[in-house]
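Spelled out, the chains give:
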Amino acid sequence: MRIAFSRGLTLQRREFLRLLALAAAAGAALRPGASAAEAADELYELPPFGNVSLLHVTDQHAQLLPTYFREPSYNIGVGAAAGRPPHLAGQALLKYFGIPPGGALAHAYTCLNYEAAARRYGTVGGFAHIATLIKRLRAARPHALLLDGGDSWQGSATSLWTQGADMIGAQKLLGVDLMTAHWEFTYGMERMKQAVDKELAPIEFVAHNVKTVDFEDPVFKPYSLRSLNGVPLAIIGQAFPYTPIANPRYMVEQWSFGIQERHLQKMVDEVRAKGAAVVVLLSHNGMDVDLKLATRVRGIDAILGGHTHDGVPAPTVVRNSGGRTLVTNAGSNGKFVAVMDLEVKGGTIADYRYRLLPVFANLLPADAEMAAYVEKVRAPHRAKLEAKLALTEGLLYRRGNFNGSFDQLILDALMAVKGADLAFSPGFRWGTSLLPGDAITLDHIMDQTAITYPYTTLSEISGERIKAILEDICDNLFNPDPYRQQGGDMVRVGGMSYACEPSAPIGARISDMRLGGKPMEASKVYKVAGWAPVDAGAQGEPVWEVVTRYLRDRGTIPPLKLNLPRLIGVQGNSGIAA
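Criteria and cut-off values
Residues numbered from 1 in each chain as written. Predicted model: local features only at pLDDT ≥ 70, side-chain atom pairs only at ≥ 80, totals over all residues. Heavy atoms only, no water. Salt bridge = Lys/Arg side-chain N within 4 Å of Asp/Glu carboxyl O. Helix = DSSP H or I, 4+ residues; strand = E, 2+ residues; numbered from the N terminus. Buried < 20%, exposed > 50% of the residue type's maximum accessible area, 1.4 Å probe, protein only. Pairing = 2+ DSSP bridges. Contact = heavy atoms within 4.5 Å. Axes fitted to C-alpha atoms, helices over the stretch in contact; angles between N-to-C directions. Parallel < 35°, antiparallel > 145°, perpendicular 65-115°, else oblique. Left-handed = near helix turned anticlockwise from the far one by under 90°. Nonpolar A, V, L, I, M, F, W, Y, C, P; charged D, E, K, R; others polar. Lys, Arg positive; Asp, Glu negative; His and termini not counted. Polar contact = N/O pair within 3.5 Å; in protein donor to acceptor, adjacent residues only side chain to side chain.

Trainee: Just checking my understanding: could you explain the pattern of salt bridges for this structure?
Mentor: Side-chain pairs of opposite charge can arise whenever the charged atoms involved come near each other. Within this structure, the stated rule accounts for 32 salt bridges. Measuring nitrogen to oxygen at the nearest pair gives 2.9 Å for the salt bridge that ties R141 to D341. With a gap of 200 residues between them, R141 in the loop between helix 6 (127-140) and strand 2 (145-148) and D341 in strand 13 (residues 336-345) connect regions that are remote in the sequence. Of the two residues examined, R141 and D341, each falls in the buried class. Residue D301 is joined to R272 by a salt bridge in which the shortest nitrogen-to-oxygen separation is 3.1 Å.

This is how it looks when you write it as structure tokens:
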């Protein structure tokens with residue numbers, strides 16, 4: 001990588017803290033008595049810097065409206081990942097980045113005092129409010145490119161029902177310049193090609209690592225060459241490498257994925273040979289994978305990453321044989337917009353500024369044109385989506401390594417409706433939050449379940465096989481080699497208790513499995529409810545119908561006790577909120 005640092009600037013962690021202190025001071029200034037306009041100026045007034053600007057959003061999961069999104073209490077890192085971004089939660093994250101506790105940024109980046117802070121600062125995201133912020137940033141940076149890291153066309157009822165068309169319209173109206181993908185592929189190959197080839201323009205779709213299985217021909221453009229203020233740059237796309245593993249293989253059976261380091265290096269060398277002074281990887285790898293990738297591929301100046309939904313306030317600088325790479329991750333659900341300003345001199349990056357801006361809906365007036373578009377998209381479905389199913393007396397959320405209260409609700413519904421001994425629910429990271437006293441609507445349930453393979457199942461599985469399943473999924477999360485982390489968070493488990501030692505090797509992480517307080521037997525068969533099977537030909541009642549029926553039968557959902565594993569060997573881990 002060709003980054004030079006003017007005036008001997010090293011831009012190591014001390015420099016990150018200096019830059020973050022500026023942003024934190026702005027966020028902390030959302031003081032009582034300040035008008036919304038004053039507060040917005042303090043938080044969002046970013047003086048232009050340098051001659052290349054990149055705006056980055058990722059993992060928006062089809063959230064057109066403002067919502068709540070609670071950050072995780074558990075984001076445990078093991079091995080070399082322990083104690084460093086993105087595996088920081090709560091006070092540890094604030095301390096690492098020098099962010100004052102109790103302010104707006106502390107709320108945006110952590111789960112601390114979540115309910116009280118959410119009521120104070122309000123909802124986040126919403127495309128009408130994101131549009132206002134993008135226009136504000138572009139007013140000072142008319143040359144800026146807006147990059148979308150993927151997972152934009154999935155995560156809501158309207159996106160599922162329109163096969164992503166509602167989100168494509170929103171992206172185009174927002175002014176997205178380039179994108180890559182992950183969950184978009186679960187609409188299938190035909191729909192994906194139709195959308196990219198016939199609906200997405202002028203947005204460019206880039207993904208160097210998607211090829212045909214038979215002849216390894218590229219399916220999509222690998223990169224885009226652009227010029228900003230006379231500076232030539234390249235944006236290379238990296239789609240989620242484990243799509244056929246994390247999602248049904250039959251949906252993309254004619255395409256191969258993978259990290260493909262060698263091909264990526266070839267693409268980097270190719271765009272450098274074509275004159276690119278700046279090379280950016282628009283990635284959906286997940287931050288741990290990006291951090292490893294940055295040590296092994298030379299010539300990438302910055303990785304704008306997604307997939308793991310980590311809102312990381314500052315880049316991590318990774319050294320490699322070609323120099324250094326800035327690795328970032330910009331959160332999820334429309335909660336953040338990242339701004340990377342680069343000063344490029346003599347064909348090298350001399351300096352940079354980076355901010356990860358929370359999108360507080362009450363500080364950013366809705367953009368009229370985008371608001372009208374969102375209204376148009378939702379109008380035909382509003383009555384169905386907004387019908388009240390039940391009332392929640394507790395906080396409902398999903399994000400976290402092991403379980404969330406919305407996941408617990410799904411587990412409880414599966415066990416009750418299916419008559420199961422225990423239940424599994426996928427460790428999806430997407431899904432909005434609800435505050436105590438909120439009505440639960442179909443809209444909210446679809447935020448947690450809107451996928452193209454929503455089938456519920458009831459299976460008879462032996463205790464031995466249950467342990468093997470838990471071990472396999474746990475290895476996807478806690479394998480010390482990031483390239484072997486192929487899934488989301490840990491499968492959510494209802495009805496049975498167990499112990500988990502994240503740092504142990506595969507086969508030894510899961511222990512003390514109990515049902516009703518009694519040890520589970522390896523040879524005994526148990527009734528297990530679940531949903532989202534990846535096997536071809538799977539059928540069953542959609543999970544949202546099961547949960548909807550469960551909610552209507554009860555009317556009120558009390559605060560839920562999470563079924564969390566007993567953790568071993570994680571004392572003092574910075575990925576556990578305190």
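Trainee: Would you explain the sheet that holds strand 3 (residues 178-179) in this entry?
Mentor: Whether parallel or antiparallel, the strands of a sheet pair through hydrogen bonds between backbone atoms. Pairing is mixed in the open sheet, where six strands are placed in the order 4-3-2-1-13-14. Each end of this open sheet is capped by a strand with a single partner; those strands are strand 4 (204-205) and strand 14 (348-358). Sheet topology note: the strand 13/strand 14 ladder contains ten bridges and is antiparallel. Among the inter-strand pairings, V339 is bridged to a residue of strand 14, identified as R355. Helix 6 rests against strand 1 (52-57), strand 2, strand 13 and strand 14 of the sheet, and its axis sits at about 15° to strand 13.

Trainee: Explain the packing of helix 6 against helix 8 (residues 165-174) here, please?
Mentor: To characterise two packed helices, one gives the angle between the axes of the helices and the distance between these axes. Following both chains from N to C, one finds helix 6 and helix 8 inclined at 25°, their axes separated by 10 Å at the closest point. Judged by the angle between their axes, helix 6 and helix 8 are roughly parallel. You can see that helix 6 and helix 8 cross each other, and the crossing is right-handed. Contacts from F127, I130, A131, I134 and R138 in helix 6 reach M167, A170, Q171 and L174 in helix 8. Residue composition of the contact of helix 6 with helix 8, by class: seven nonpolar, one polar and one charged.

Trainee: How should the side chain of R70 be read in this particular structure?
Mentor: Mapped onto the secondary structure, R70 falls in the loop between strand 1 and helix 3 (91-97). It is E71 that comes nearest to the buried, bridge-free R70 among opposite-charge side chains, at 8.8 Å. A polar atom in the side chain of R70 sits 2.6 Å from the side chain of S73. Filtering out sequence-adjacent residues up to four positions away, R70 remains in contact with C111, Y114, L395, Y397, R399 and S433.

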